[in-house]
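Coordinate analysis (summary)
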Amino acid sequence: MIHASIAELRAALDARSLSAVELATLFLDRIERLDGQINAFITVDRERALRDAEAADAAIAAGRAGPLTGIPLAHKDVFCTEGVLTTCASKMLANFVSPYDAHVVARLREAGTVMLGKTNMDEFAMGSSNENSHFGPTRNPWDVSRIPGGSSGGSAAAVAARLVPVATGTDTGGSVRQPASMTGVTGIKPTYGVCSRYGMIAYASSFDQAGVFGATAEDCALVLSAMAGFDERDSTSLDRPAEDYARDLRAAADPDRPLAGLRIGLPREFFGDGMADDVRAAVEAAIARYRELGATTVEVSLPNARLSIPAYYVLAPAEASSNLSRFDGVRYGHRAARYADLDDMYRKTRAEGFGAEVKRRILVGTYVLSHGYYDAYYLKAQKLRRLIADDFAAAFARCDVIAGPVSPTTAWKIGEKSDDPVQMYLSDIFTLAVNLAGLPGLSLPCGFGAGELPVGLQLIGNHFDEARLLNVAHRYQQVTDWHQRRPALAE
Amino acid sequence: MNESHAMSRTDWEVVIGLEVHAQLTTASKIFSGASTAFGAEPNRQASAVDIALPGVLPVLNRGAVERAIRFGLAIGAHVAPKSVFARKNYFYPDLPKGYQISQFELPVVSGGAITIRVGEGEKAYEKTVRLTRAHLEEDAGKSLHEDFHGMSGIDLNRAGTPLLEIVSEPDMRSSAEAVAYARALHALVRWIDICDGNMQEGSFRCDANVSVRRPGGPLGTRREIKNLNSFRFLQQAIDYEVQWQIDTLEDGGTIQQATVLFDPDTGETRVMRTKEDAHDYRYFPDPDLLPLVIDDAWKDEVAASMPELPAAMKARFMEQYGLSAYDAATLTASREVATYFQAAVDAAGAANAKICANWVMGDLAARLNKADLDIADSPVSAAQLAGLVQRIADNTISNSIGKKVFDTLWNGEGASADEIIEAQGLKQVTDTGAIEAMIDEVIAANAKSVEEFRAGKEKAFNALVGQVMKASRGKANPAQVNEILRRKLGA
């Protein structure tokens, strides 16, 4: 059951051959046994999980089960959960218990899922390695001396080690896709506005978007269908009819050429010399496989994509510097024990409460918004953002999905880039443009590089093309088994 | 130097611009559903959004926008089809998010003008004050520095209350003009029902930008007097500030740009902060809110719901009722007076408008003033006054009997003028025979006066009229008495 898909778990639960309580216990026990090596969880709430599982069993017994009733899951600790610690992996919120559920959390609770706990992350979702956590780094289940990627590294590692079947994440600059790639799981970040940001602690508001990790595109589709939807409390939430993101997966297709007619765009700029050889080999092999499935490939160009790093690392810190101002020690969270006056209280509280990377981005963001610098940095970056979005619009006139690498390399060693933030930022080169344009993106396992480390293939869709992206990933997973490989630790 | 020695204190021109914060009359806050009612227990009207819990998001209150549109239409301003909310970033304990949501580069209202009437009597003059802009923003909470034993308390009930900040051009040249403008604005926002104008509760707060210059010279350096919450303080603060600036300049000093506070106890202004320690607010568009779009349909809808504005009503009173400019201006100084007057005229008939005006501005105003009552709470209703006016106009009673009837109505001792006239037998005697009989008696009993009149003493005639009126207990129609008496005396 540890490796079963949601569909298989559903069948077992509905057949009453397995109770939701048994299922939750199975995974809770695994977390207890294995998470000491991975540190994927910040909080595990066994009592609450079992209570929710009992409720799920009651719903199943009463014939009121939905597709996700009784399915265990974990939430990234950026989502507010009523009555359970919500820390954002920060000392600042190490004691914070939210009085309300995030919209995504509420929707998944209403769908009958059983939350096992809250997963580790880079502090306030700032980072690409999960090393920036007040609760210590998360380790990659494939090689515990390596990072799992970030910032949703805890969720990715938990799914990869099968500590939980599915987990939520957030993707501001690649924070779902990159850790999915590095841990060998499937992860999708939908179009900006598909999932409500209400209750998702803001890092960079115009980029932040909830996503989900699972073993397969199918599992991701089932969870995304439940968590997406309009929320009037988020003004950037899109008022669109509900979608069944798994609908295309069930559609009949030519078994030999299920993707006949699909045009895959290959951005010239993604296949230059910015990619490690082992990543390139796996990605190109995956694209060759797509051709066998009936897809055609076409070269497209994203000439401004190279500017996504400077654009993103101006705009996201600018928004963050303002979003994180509320953490001031006045109303909740950490407050310095001793201070001379108000300014001293602010200074000490924030100096003690935030980690180095968060402080770095607050400083950068404050700088680029300052009088005399705003036009040169913030406005300029907004213009780049528009150019990058225009590049995608032009590319999608010639193709249906765009494919490429997720990360230039496989997972690196813990500590390897800790002293060089710019090197760390550069590793986001293939993921940032998607967030700048607000597009949906997905990472699916497509092979292994040196040292048996997973490599992910990135699929980028046009706005609202989540169902198509998931189907394109699903058809590949029907004929490959990369997504079924498990790290030794998980067996 | 020579110039300043040569010129006297009267050779200075005062330049004043006002910024007014008008609290809008919405039931709930501008970005949350919490109540805006005044006077609740501290922090009882602060929602998760108002206290800026992690993860919460603002949603714009349509009612606040509707009120901004009303204001824009009322002053003939440009109502922006697209305006933008921006974050104004600074740290203060009563500012929960660490930023205030306001509008910066693109305000909802720009331009427009208000005509003011300055001074009394023959020296009175009209002037047009141009407005720069009006923008929507949220109020901050309150810091309470008493009763907390060396600590400060924070009350966030006011946090998120909708404000319209109304900024004038520096068009005013004296404290009298500034007060006249503030009063006109105060009357207008109440007239169009967007602000209750309660200055004690802080619903209408003025900041005055004051500078002095040599006539025709460049603008002087301004100082901003903050938070003036009465018209008297506005006048006193400006007068003090102007004198201080002139004294400073004539003593060879210079004015530093500064924000100052007015102390009503000393009547002086003192510096709160100078330009050097001014905040860099790092304004940028709020990524949590979409641009505010106001289409023509919305503007038309608001326009259709607008009451007749004071300027239009004043012109109509002059045109339709033949009132003088002074009467029309007085009757439209507040919506309550205008509404009362209009109701009285509607009931008494347009032909009696002038009599209605005299009563509203005369006896009624005097009695209300003496009793310290608003016209809306007048014991004599507009319908009752109209009934009284009609009986005077149709000669049922004289003007002086009218005053008795008015007193009776004021004291609540009668439901209508007709009822009182009937009950007290106040109906004017117009029966020629009855009047002739009374006159005959008076002529017979006052031979001396008759003699004097015939000898050319006009005064004696008045004495005889007085005797007739006395005999009729004031009820004889004075015009008829005059006419018959003259005939009988053979004049």
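How each quantity is defined
- Residues numbered from 1 in each chain as written.
- Chains lettered and ligands numbered in written order.
- Predicted model: local features only at pLDDT ≥ 70, side-chain atom pairs only at ≥ 80, totals over all residues.
- Helix = DSSP H or I, 4+ residues; strand = E, 2+ residues; numbered from the N terminus.
- Rg over C-alpha atoms; globule rule 2.2 N^0.38 Å.
- Buried ≥ 20, exposed ≤ 12 C-beta atoms within 10 Å, placed from the backbone.
- Contact = placed C-beta atoms within 7 Å.
- Nonpolar A, V, L, I, M, F, W, Y, C, P; charged D, E, K, R; others polar.
- Core = buried A, V, L, I, M, F, W, Y, C linked by C-beta atoms within 7 Å.
- Domains from an automatic or database assignment.
- Pairing = 2+ DSSP bridges.
- Axes fitted to C-alpha atoms, helices over the stretch in contact; angles between N-to-C directions.
- Parallel < 35°, antiparallel > 145°, perpendicular 65-115°, else oblique.
- Left-handed = near helix turned anticlockwise from the far one by under 90°.

1. Regarding the overall build of chain B
Within chain B, the regular secondary structure consists of 16 helices and 17 strands. The C-alpha atoms of chain B give a radius of gyration of 30 Å, which is well past the 23 Å a tight globule of 491 residues would have. Structurally, chain B occupies a C-alpha span of about 95 × 60 × 50 Å along its principal axes. With 491 residues in all, chain B has 41% of them scored as buried. Counting contacts in chain B only where the partners sit at least 6 residues apart, residues at least 24 apart contribute 68% of the total.

2. A closer look at the overall build of chain A
For chain A, the count of helices and strands is 16 helices and 11 strands. Taken over the C-alpha trace, chain A has a radius of gyration of 21 Å; the compact-globule value for 491 residues is 23 Å, and the two agree within 12%. Taken over the C-alpha atoms alone, chain A extends approximately 70 × 55 × 45 Å along its principal axes. Relative to its 491 residues, chain A shows a buried fraction of 60%. Expressed as a percentage of contacts within chain A between residues at least 6 apart in sequence, the contacts between residues at least 24 apart total 77%.

3. As for the interface of chain A and chain B
Facing 34 residues of chain A, the contacting portion of chain B comprises 24 residues. For the side of chain A that touches chain B, the secondary-structure elements that each account for two or more residues are helix H10 (308-323) and helix H11 (342-353) of chain A. The leading source of residues in the side of chain A that touches chain B is H10 of chain A, at 3 residues. Counted by class, the side of chain A that touches chain B contains 14 nonpolar, 12 polar and 8 charged residues.

4. Structural notes on the nonpolar core
Counting 224 residues, the largest nonpolar core has Leu116 of chain A together with Ala208 of chain B as its most contacted members. The greatest single-element share of this core, amounting to 10 residues, is contributed by helix H3 (residues 175-191) of chain B. Excluding anything up to four places from it in sequence, Ala208 of chain B contacts Ile16, Leu18, Ala178, Ile225, Leu228, Leu234, Ala237 and Ile238 of chain B. Grouped together as the second largest cluster of nonpolar side chains are 36 residues, Leu331, Phe341, Val380 and Val405 of chain B included.

5. Quick notes on unusual backbone geometry
All names here are of chain A. In this structure, Ser151 follows Gly150 across a cis peptide bond, with omega equal to 5°. With respect to the helices, strands and loops of the structure, Ser151 is situated in the loop between strand E3 (114-119) and helix H5 (153-160). Positive phi, close to 60°, is recorded for Arg16, a residue that is not glycine. With respect to the element layout, Arg16 can be found in the loop between helix H1 (6-14) and helix H2 (20-38).

6. Some details on the domain arrangement of chain B
Under the domain assignment, chain B is made up of domain 1 (2-298), domain 2 (308-424) and domain 3 (432-488). Of note, the centres of domain 2 of chain B and domain 3 of chain B, computed from C-alpha atoms alone, are 33 Å apart.

7. With respect to the sheet that holds strand E6 (residues 210-214) of chain A
Residue and element names in this part refer to chain A. The strand order across the open sheet formed by 11 strands is E1-E3-E2-E4-E6-E5-E10-E11-E9-E7-E8, and the pairing between neighbours is mixed. Looking at which strands have only one partner, the edges of the open sheet turn out to be strand E1 (41-44) and strand E8 (296-300). Here the average twist between neighbouring strands, direction ignored, is 30°. Pairing between strand E7 (residues 263-267) and E8: 5 bridges, direction parallel. By the bridge assignment for E8, Leu266 is matched with Glu299. Of the strands in this sheet, E7, E8, strand E9 (401-405), strand E10 (441-449) and strand E11 (453-461) are in contact with helix H9 (residues 277-292), which crosses E10 at around 115°.

8. Quick notes on the environment of Cys195 of chain B
All names here are of chain B. Positionally, Cys195 belongs in the loop between H3 and strand E12 (204-213). Its 26 C-beta neighbours within 10 Å are what place Cys195 among the buried residues. As a C-alpha pair, Cys195 and Thr25 span 170 residues in sequence and 5.1 Å in three-dimensional space. Sequence-distant contacts of Cys195, that is, excluding residues within four places in its chain, are made with Ala22, Gln23, Leu24, Thr25, Val189, Arg190, Ser203 and Phe204.

9. Some remarks on the environment of Ala34 of chain B
All names here are of chain B. Along the polypeptide, Ala34 turns up in the loop between strand E1 (13-23) and helix H2 (62-74). By C-beta crowding, Ala34 is classed as buried, having 23 other C-beta atoms within 10 Å. With 120 residues separating them in the primary sequence, Ala34 and Ile154 have C-alpha atoms 17 Å apart. When neighbours within four sequence positions are excluded, Ala34 is seen to be in contact with Ser28, Lys29, Gln45, Ala46, Ser47, Asp50 and Gly160.

10. Some points on the packing of H2 of chain B against helix H5 (residues 296-304) of chain B
Residue and element names in this part refer to chain B. Interaxial distance between H2 and H5 falls to 10 Å at its minimum, and their mutual angle equals 75°. It follows from the interaxial angle that H2 and H5 lie roughly perpendicular. Mapping the contact onto sequence places Glu66, Ile69, Arg70 and Leu73 in H2 and Trp298, Lys299, Val302 and Ala303 in H5. Looking at the contact of H2 with H5 residue by residue, the class counts come to 5 nonpolar, no polar and 3 charged.

11. Topic: the pairing of E12 of chain B
Residues and elements named next belong to chain B. Here E1 pairs with E12 via 10 bridges, running antiparallel. Across the sheet, the residue bridging to Val14 is Val212, located in E12. Sheet topology note: the E12/strand E13 (residues 223-228) ladder contains 4 bridges and is antiparallel. Looking across to E13, one finds that Ala208 is bridged to Ile225.

12. With respect to the environment of Val97 of chain A
Residue and element names in this part refer to chain A. Its location among the elements puts Val97 in the loop between strand E2 (72-76) and helix H4 (103-110). A count of 14 C-beta atoms within 10 Å places Val97 in the partly exposed class. In the structure, Val97 is positioned 241 residues away from Arg338 in sequence and 23 Å away in space, judged by C-alpha atoms. Setting aside chain neighbours within four positions, we find Val97 in contact with Gly83, Val84 and Leu85.

13. Digging into the pairing of strand E4 (residues 85-89) of chain B
One face of the sheet, then the other: side chains in a regular strand alternate in exactly this way. Residue and element names in this part refer to chain B. With 5 of 5 residues buried, E4 is to be regarded as a mostly interior element. Here E4 shows a buried face lined by Phe85, Arg87 and Asn89 and a second buried face lined by Ala86 and Lys88. Where E4 meets strand E5 (residues 99-103), 5 bridges bridge the pair, whose relative direction is antiparallel. Paired with Ala86 across the strands is Ser102, a residue of E5.

14. Section: the sheet that holds E4 of chain B
Taking strand neighbours across the sheet as the criterion, the 3 strands line up as E5-E4-E16 (chain B) in an open arrangement whose pairing is antiparallel. What marks the edges here is a single partner per strand, and that holds for E5 and strand E16 (284-285) of chain B.

15. Side note on the packing of H2 of chain A against helix H3 (residues 46-61) of chain A
Residue and element names in this part refer to chain A. Contact geometry of H2 with H3 gives a least axis separation of 7 Å together with a crossing angle of 150°. As the angle between them shows, H2 and H3 are arranged roughly antiparallel. Handedness of the H2/H3 crossing: right-handed. Here Ala20, Val21, Ala24 and Leu28 of H2 lie close against H3, whose contacting residues are Arg46, Ala49, Leu50, Ala53, Glu54, Ala56, Asp57 and Ile60. For the contact of H2 with H3, the class distribution of residues is 9 nonpolar, no polar and 3 charged.

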